[in-house]
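Chain by chain, the residues:
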Amino acid sequence: MHWAKTRPKVKYDLALSGILNLPIAELDVDLKDLELHGDNAYGYRPLIDALAKHRGVAPENVVTIAGGTSMANHLAMAALIEHGDEVLIEQPTYDPLLAVADYLDAKIKRFPRSFENGFKIDIDALEKQVSPQTRLIVLTNLHNPSSALVDEITLRRIGELAANVKARVLVDEVYLEAMFENAPKSAISFGPEFVVTSSLTKGYGLSGLRCGWIFAEPRLAEKIRRLDDIFAASAPQVMEQLSVSAIAQLPKIATRAKSMLEANRKALQAFFETRDDVDLAPTTFGTTSFPRLPHIDVDKLCSSLIQKYETAVVPGRFFESPQHIRIGMCCDPERFSAGVERLGKALDDLR
């Protein structure tokens, strides 16, 4: 996160993992309808209902979180584990998931999602890692950084493994939003073992709203709400009202996002077809791609992209994969195509 917040600004930004921010002028809202204060002590009811309808869950399963998916993951883990508990986390993964588990003093074990296996979850390998001490299994769906989808059969099998040892499964579903109408049902539907986090951040260009949520069985949901008393106390009423308005407009907002992703995915695939120095795990959905560059000095490439070509990608070392880069397909298509062209030039420079 520090790298993402402090990296140089560039003209061609292929490091974005969320859709280019939506201008507020494109959000159909009358500022006179907003209030600074309101009844939202344990969640703004219109937002709870809107999120429940959006993902097809019961309102009692919904905990609204003002800090996006990052705070949702923190709160979920804090509610689910105690110091020294055994936590299984996918590898590679999004670094803050590891950081939160480490911060909470968990005993961290890993299970693989390998490039060679298309970043699918190896259930047999996971089963070998699960023990009677396991309290939590953590994964992302779509996978961050590769955008690989975890299918329902696999998720249900993970739930069974967790239930056998009285553990829970935390699924960060923020990138699932970028599947839009093709998104499968939330993992919370598969049983009380599952806890889900997400937000409006990645798929719609609504990161400024910081509208996050947790789905959990009702008793756990109530525990999380009370735990949030010591973190956020209450959410900004204005942001919650804006989030309700945004959710009502998601079909229109999604059209913008899908247009960007479809054009950029097509341009990226065409680029990969011209390269013999890039290994690819193809993506069908999501906002990111995670190619492997087996014979390239990735840090040198990333530096050259910024300094010489005004272009940025994310070095794979931030995802425990130093020979990879993460490419975000989230900016204006014209700039994306220009950025991809510059990536090719930077790769050619290192041949």
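Going by the structure above, here's the rest.
Chemist: What's the story with the pattern of salt bridges in this structure? I'm lost.
Modeler: Any two side chains of opposite charge can pair, so long as their charged atoms come close to each other. Counted by the stated rule, this structure contains 22 salt bridges. Between Glu181 and Lys258 there is a salt bridge, and its shortest N-O distance comes to 3.0 Å. Of this pair, Glu181 sits in the loop between β6 (168–172) and β7 (194–199) while Lys258 is found in helix α10 (residues 250–272), placing the two residues 77 residues apart along the sequence. Taking the relative accessible area as the measure of exposure, Lys258 reaches 21% and is therefore partly exposed.

Chemist: For this particular structure, what's the right way to read the side chain of Ser131?
Modeler: Its place among the elements puts Ser131 in the loop between α5 (123–129) and β5 (134–140). Apart from the residues lying within four places of it in its own chain, the contact partners of Ser131 are Glu86, Lys109 and Val165.

Chemist: Explanation requested: the packing of aromatic side chains in the structure shown.
Modeler: Both the distance between ring centres and the angle between the ring planes are used here to describe each pair of aromatic rings. Taken as a whole, this structure holds 7 aromatic pairs when the rule is applied. Taking 5.8 Å as the distance between ring centres and 50° as the angle between the ring planes, the aromatic pair formed by Phe271 and Phe272 counts as tilted. Residues Phe271 and Phe272 agree in their burial class; the two are buried. Here the aromatic cluster, defined as three or more aromatic residues joined through ring pairs, consists of Phe115, Phe119, Phe290 and Phe319.

Chemist: Any chance you could explain the layout of surface pockets here in plain terms?
Modeler: Using a probe with the size of a water molecule, rolled over the atoms, empty space left in the structure can be pinpointed. Looking at the largest pocket, its volume works out to about 1,000 Å³. Lining the largest pocket are 37 residues, and of these Met1, Ala4, Ser17, Tyr94 and Lys202 sit closest to its centre. Elements with a contribution of two residues or more to the lining of the largest pocket: α1 (2–6), α3 (68–80), α4 (95–103) and α7 (201–204). Of all the elements, α1 adds the most residues to the lining of the largest pocket, at 4 residues. Split into classes, the residues belonging to the lining of the largest pocket amount to 16 nonpolar, 12 polar and 9 charged.

Chemist: Help me out: how do you make sense of unusual backbone geometry in this one?
Modeler: Excluding glycine, most residues fall at negative phi; most peptide bonds, likewise, are trans. In the segment running from Gln91 into Pro92, the intervening peptide bond is cis, with an omega of 5°. Here Pro92 lies in the loop between β3 (86–91) and α4. Cis rather than trans, the peptide bond between Asn141 and Leu142 has omega equal to 0°. Assignment of secondary structure puts Leu142 in the loop between β5 and α6 (152–164). Even without glycine at this site, Ser147 takes up a positive phi of about 70°. Along the polypeptide, Ser147 turns up in the loop between β5 and α6.

Chemist: Explain the nonpolar core here, please?
Modeler: Side chains that are nonpolar tend, in soluble globular proteins, to be buried together. Grouped together as the largest cluster of nonpolar side chains are 75 residues, with contacts concentrated most on Leu126, Ile137, Leu139, Leu206, Leu301, Ile325 and Ile327. It is α10 that provides the largest number of residues to this core, a total of 9 residues. Membership of the second largest hydrophobic core comes to 37 residues, among which are Ala15, Ala106, Phe115 and Ala148.

Conventions used here
- Residues numbered from 1 in each chain as written.
- Predicted model: local features only at pLDDT ≥ 70, side-chain atom pairs only at ≥ 80, totals over all residues.
- Heavy atoms only, no water.
- Salt bridge = Lys/Arg side-chain N within 4 Å of Asp/Glu carboxyl O.
- Helix = DSSP H or I, 4+ residues; strand = E, 2+ residues; numbered from the N terminus.
- Buried < 20%, exposed > 50% of the residue type's maximum accessible area, 1.4 Å probe, protein only.
- Contact = heavy atoms within 4.5 Å.
- Phe/Tyr/Trp six-rings, centres within 6.5 Å; stacked < 30°, edge-to-face > 60°.
- 1 Å grid on protein atoms, 1.4 Å probe; cavity = no way out; pocket = protein on both sides within 12 Å on 5 of 7 lines; lining within 4 Å.
- Points joined across faces, edges and corners; volume = space filled by probe spheres on them.
- Nonpolar A, V, L, I, M, F, W, Y, C, P; charged D, E, K, R; others polar.
- Core = buried A, V, L, I, M, F, W, Y, C linked by side-chain atoms within 4.5 Å.

Remember that the coordinates give geometry; whether it matters functionally is a separate question.
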